[in-house]
Amino acid sequence: MSVYLDHNATSPLRADAREAMARAYDSGANPSSVHGAGRMARAIVETARGTIARHFVTRAEDVVFTSGGTEANNLAIASAQAAGAKRLIISAIEHDAVRDAANASGLEVETLPVTADGVANLDWLDQRLSGWDREADGTPFVALMAANNETGVIQPVEAAGRLVREAEGLFHVDAVQMAGKAVFDFAGSLAHYAAVSAHKCGGPQGVGALLLACDAPISRQMHGGGQEKGRRSGTENVAGIAGFAAALDAVQADEASRMAGLRNELQVRLESVEGVRIWGAGASRLPNTLCLSATGWAAEIQVIAMDLAGFAISAGSACSSGKVKKSRVLEAMGASAEEAASAIRISLGWTTTQDDVDRFADAWMREYARIRPRIAAAE
Ligand SMILES: Cc1ncc(COP(=O)(O)O)c(C=O)c1O
């Protein structure tokens, strides 16, 4: 069995989530049905909603279940557009689920830059919002993710939220990577919307939620049976929702510090290698994520070499097409084209052991040492 170090792509299903899902599947009814079996399915959904709301410090009635983080991000942007946003500000490091949704809206999209450490530049945001022309540009809309999927860099969402609230704008946080790895306090973020997804924290794929502030306008995109209080039609994914809540409950109190310990050890070993650059090391990061460039060693070749050696890692951001694109996130942080093309992401999680990390560091360093003379000769 290969060692899995790609938890930011999907974190394997936790045992508690699997059990909760099996129980929910056994209930086998539609939560909108009025009979006893339906009411049992409804109880599963509503209990899970309460649990998820508690984890993200919000109210159960403000959790709208979706098919995942992508749909939740799309729903937030469409809702802001319907509420009068004509121009969107999104950070330079947003996931495609935000970036493509913003571009597809047909609205003007502006980029909020980040520093060399990958942290959103709030002076830029402050200035931009001060000069906002509400008449021409409508309600300001700002999207800033809670933590980046490639570097793990945690963003100053609360401070950004304050600026957006002062400008009477709408603020969206993609919290997909933060959820379950660090505390994501939705109320404290001052956001109108936040996207979360179950499979990034050991729940199942294909279920997530949009969290809504009580003053957040919402415009439904899925029309049909009026589920989720009319905000998102479609029969709820009862087992998926139960698995999401159980995964969040299963996160151990010491999990983050255990991962940070392993990640830091790994970083110390790998950054001692000539030609290695660690990204976002000067900023506060998710405890599980390590992003590095290895000069001259193309990311896709590293991923294949490590796969052959029995380790699952990823190149920059995992692409749904299976193609490796050079990292936009690192370019926004000032990386050269070569650095961006040689960046890999190692993301630890609840399954990761000390032995996994030690063996990975040995294998990666051995392989880089083996091919370095060839890289040097080609330079
Ligand atoms: C930051 C971020 N946002 C959104 C998504 C999309 O979430 P989902 O896979 O649940 O649609 C991902 C998945 O990689 C992500 O990392």
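Just so you know, these numbers come straight off a predicted model, no measurement behind them.

**With respect to the domain arrangement of the protein**
In terms of domain boundaries, the protein breaks down into domain 1 (3-11 + 253-378) and domain 2 (15-250). The gap between the C-alpha centroids of domain 1 and domain 2 is 28 Å. Between domain 1 and domain 2, the contact holds 24 residues from the first and 24 residues from the second. Those elements that place two or more of their residues in the side of domain 1 that touches domain 2 are strand S10 (289-294) and helix H12 (328-332). When the residues that make up the side of domain 1 that touches domain 2 are grouped by side-chain class, the tally is ten nonpolar, twelve polar and two charged.

**Topic: the environment of Thr66**
Here Thr66 shows up in strand S2 (residues 63-66). Each C-alpha atom of the pair Thr66 and Ala209 lies 5.0 Å from the other, and the pair is 143 residues apart in sequence. Thr66 has contacts with Glu71, Ala72, Leu75, Gly208, Ala209, Leu210 and Arg232, leaving out every residue within four places of it along the chain.

**Notes on the sheet that holds strand S13 (residues 343-347)**
Think of a sheet as strands paired side by side through backbone hydrogen bonds, with each pair either parallel or antiparallel. Here four strands make up an open sheet; going across it, the order is S9-S10-S13-S12 and the pairing antiparallel. Unpaired on one side and paired on the other, strand S9 (276-278) and strand S12 (314-315) mark the two borders of the sheet. Of the strand pairs in this sheet, S9 and S10 are connected by three bridges, and their pairing is antiparallel. Bridge pairing links Arg277 to Ser293 in S10.

The rules behind each value
Residues numbered from 1 in each chain as written. Predicted model: local features only at pLDDT ≥ 70, side-chain atom pairs only at ≥ 80, totals over all residues. Domains from an automatic or database assignment. Contact = placed C-beta atoms within 7 Å. Helix = DSSP H or I, 4+ residues; strand = E, 2+ residues; numbered from the N terminus. Nonpolar A, V, L, I, M, F, W, Y, C, P; charged D, E, K, R; others polar. Pairing = 2+ DSSP bridges.

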